[in-house]
Amino acid sequence: MNESQSDELPLGTTPAFANMHKWLRRGLIVCLCALVLEGAFTFPLLAVWYGWPTLSLQEICTEFERIRFSDESRECIYPYPLFGPAEGAGQTTARDEWGVQPRPQYQAIEYRELVRRVEARRARENQ
Amino acid sequence: MSSNTLALGGTGNLDEHHRQSRQAQWQADKWMMSGALLLGTAVFGIFGLPLFLRGLWLQIRAERSGLTMRPVIVTLIGYLVAVDAALNTIGWALDLVAHHTLLARVFLMAWGNMFDAGYFWHYNELWIGGATAPGEKSWEIALLPIVFSMRIAAAIGFLQMKRWGHQWLIVTCWFGVVAWAGYIANMTLYADVRYTGVVFPVIGWWLYDIFYITPFLALPYLHSVNREIFSD
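Residues numbered from 1 in each chain as written. Chains lettered and ligands numbered in written order. Predicted model: local features only at pLDDT ≥ 70, side-chain atom pairs only at ≥ 80, totals over all residues. Heavy atoms only, no water.

Visitor: What's the story with the overall build of chain A in this structure? I'm lost.
Guide: Per the secondary structure count, chain A includes 4 helices and 2 strands. Taken against the 2.2 N^0.38 rule, which gives 14 Å for 127 residues, the C-alpha radius of gyration of chain A at 26 Å runs more than 25% over that of a compact globule. Counting the 127 residues in chain A, one finds 41% classified as buried. Of the contacts formed within chain A by residues at least 6 apart in sequence, a portion of 46% connects residues at least 24 apart. Element-wise, carbon and sulfur atoms account for 57% of the exposed surface of chain A, whose accessible area totals about 7,600 Å². Averaging the locations of the 14 positively and 17 negatively charged side chains of chain A gives two centres separated by 4 Å. (Helix = DSSP H or I, 4+ residues; strand = E, 2+ residues; numbered from the N terminus. Rg over C-alpha atoms; globule rule 2.2 N^0.38 Å. Buried < 20%, exposed > 50% of the residue type's maximum accessible area, 1.4 Å probe, protein only. Contact = heavy atoms within 4.5 Å. Areas by Shrake-Rupley, 256 points an atom, 1.4 Å probe, with all protein chains shown as cover. Lys, Arg positive; Asp, Glu negative; His and termini not counted. Charge placed at Lys NZ, Arg CZ, Asp CG, Glu CD.)

Quick look at the structure:
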């Protein structure tokens, strides 16, 4: 690298590492943009996948709790008492294959599946 | 400085150049700090990005005009590791102390069900609340104060071109390597808990989380930069 090229290097970058620093800079910009896009779109996309705005956030919370603990009678209490016990403390309904490597028995929740669950329950109740 | 070519006729000119450079850097930093604060909140990040990019553009423009500015890669690393630490902190602090809020019980559950059931399986069943997956709580308690808070402090010193900022960024970024290695090993050992009944398991988690490798990108630079540019 001649002197004029060396003069154009950023402060602190020596010619030996100029190429590496250039690629690191590009990688950093990719990470920055990706983190911003993830941060911005994760919450709304999750909300839509799990049923909002058809379901309220509290209804989604209730459905999660029922699936998690395999108990259709559970309700998401909100606001939760500040010094109350953990909401799941002492529960006995959750289903797992217990062992040194526990394996949960709930199924993955498909797109808008919680909406269908709530509607099916309402239809049963109205019969 | 890439274009530090001003004709400096005497100390007066040098002082003036120094004053103008500091002013331009502060002007750019005000935009970038505002942007980074929003970026660190995740949900408002989309509003923070234009502010951050404007600050970056101001810095590059000032450098091209001949002023002595902080290297762009130092700026990117400093702000990005701070944002990375802030994003990690938000999620884990929410789980650690706000696990019974509706926000946590909807969005942490949703994220858990989609990518990592460590945030779904038996959630809010431990007396301490929050994630119940083996080991998860320990990582939160260890890494929030030791890695992420310290990394944000180090990033501030690094952006100020302080030697301690450079040194502590190396330390906290290597902490990050330990954290990733240990965390992934833990997830793998308890993969049934973490990935059974998950919408996008394993590959989904990696695609989502791979962009948190910023501290790893920082390390080669931190070890290869001429450290004389950082002052006591």
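Visitor: Would you take a moment to explain the domain arrangement of chain B for this structure?
Guide: Interface extent is often summarised as the accessible area lost during association of the parts. All names here are of chain B. Taken as a whole, chain B is organised into domain 1 (9–69) and domain 2 (71–229). Of note, the centres of domain 1 and domain 2, computed from C-alpha atoms alone, are 27 Å apart. Across the boundary between the two partners, domain 1 contributes 14 residues, which contact 9 residues of domain 2. Each partner contributes to the roughly 900 Å² buried at the junction of domain 1 and domain 2, and carbon and sulfur atoms together form 71% of this total. Summed over the shared surface of domain 1 and domain 2, the number is 2 residue pairs in polar contact (both at pLDDT 80 or more). Partitioning the side of domain 1 that touches domain 2 into residue classes produces 9 nonpolar, 3 polar and 2 charged. (Domains from an automatic or database assignment. Buried area = accessible area lost by both parts, 1.4 Å probe. Polar contact = N/O pair within 3.5 Å; in protein donor to acceptor, adjacent residues only side chain to side chain. Nonpolar A, V, L, I, M, F, W, Y, C, P; charged D, E, K, R; others polar.)

Visitor: Please clarify how the interface of chain B and chain A should be interpreted in this entry.
Guide: Counting residues at the interface gives 57 residues for chain B, matched by 62 residues for chain A. Between chain B and chain A, the buried area comes to about 5,500 Å², and carbon and sulfur atoms account for 74% of it. At the junction of chain B with chain A, the criterion picks out 2 salt bridges. Viewed at the interface, chain A and chain B are joined by 18 residue pairs in polar contact (both at pLDDT 80 or more). Where the side of chain B that touches chain A is concerned, the elements lending two or more residues are helix 2 (45–64), helix 3 (72–97), helix 4 (102–114), helix 7 (191–195), helix 8 (203–209) and helix 9 (214–224) of chain B. Element by element, the count of residues in the side of chain B that touches chain A is highest for helix 4 of chain B, at 10 residues. Residue composition of the side of chain B that touches chain A, by class: 43 nonpolar, 11 polar and 3 charged. (Salt bridge = Lys/Arg side-chain N within 4 Å of Asp/Glu carboxyl O.)

Visitor: What am I meant to see in the pattern of salt bridges here?
Guide: Oppositely charged side chains can pair when the atoms bearing their charge come close. Residue and element names in this part refer to chain A. Per the stated rule, a full pass over the model turns up 20 salt bridges over all chains. Arginine 66 is paired through a salt bridge with glutamate 63; the nearest N and O atoms lie 3.9 Å apart. Of this pair, arginine 66 and glutamate 63 both sit in helix 3 (residues 57–68), 3 residues apart, which is roughly one turn of the helix. The same class applies to arginine 66 as to glutamate 63, namely buried.

Visitor: Which parts of the structure should I look at to understand the packing of helix 3 of chain B against helix 4 of chain B?
Guide: Helix packing geometry: the angle between the two helix axes and the distance between the axes. All names here are of chain B. Orientation of helix 3 relative to helix 4, taken along the N-to-C sense of each, is 125°, at an axis distance of 10 Å. It follows from the interaxial angle that helix 3 and helix 4 lie oblique. In terms of crossing hand, the pair formed by helix 3 and helix 4 is left-handed. Across the interface between the two elements, Gly91, Leu94 and Asp95 from helix 3 touch Leu103, Ala104 and Leu108 from helix 4. Tallied by class, the residues present in the contact of helix 3 with helix 4 amount to 4 nonpolar, 1 polar and 1 charged. (Axes fitted to C-alpha atoms, helices over the stretch in contact; angles between N-to-C directions. Parallel < 35°, antiparallel > 145°, perpendicular 65-115°, else oblique. Left-handed = near helix turned anticlockwise from the far one by under 90°.)

Visitor: Just checking my understanding: could you explain the side chain of threonine 75 of chain B for this structure?
Guide: Residues and elements named next belong to chain B. Note on placement: threonine 75 falls in helix 3. Taking relative accessible area as the criterion, threonine 75 reaches 0% and is therefore assigned buried. Side-chain polar atoms of threonine 75 contact the side chain of arginine 70, separated by 2.9 Å.

Visitor: How do you make sense of unusual backbone geometry when you look at a structure like this?
Guide: With the exception of glycine, the majority of residues adopt a negative phi angle, and the majority of peptide bonds are in the trans configuration. The linkage connecting tryptophan 52 of chain A with the following residue, proline 53 of chain A, adopts the cis geometry, with an omega of 5°. Along the polypeptide, proline 53 of chain A turns up in the loop between helix 2 (18–49) and helix 3. Residue tyrosine 78 of chain A is joined to proline 79 of chain A through a cis peptide bond whose omega torsion reads -5°. Within the fold, proline 79 of chain A resides in the loop between helix 3 and strand 1 (96–97). In this model, serine 70 of chain A sits at a positive phi of 45°, which is unusual for a non-glycine residue. The residue serine 70 of chain A is located in the loop between helix 3 and strand 1 in this model. For serine 70 of chain A, a relative accessible area of 28% puts it in the partly exposed group. Its identity as a non-glycine residue notwithstanding, asparagine 124 of chain B has a phi of 60°, on the positive side. Tracing the backbone through its elements, the reader meets asparagine 124 of chain B in the loop between helix 4 and helix 5 (136–159).

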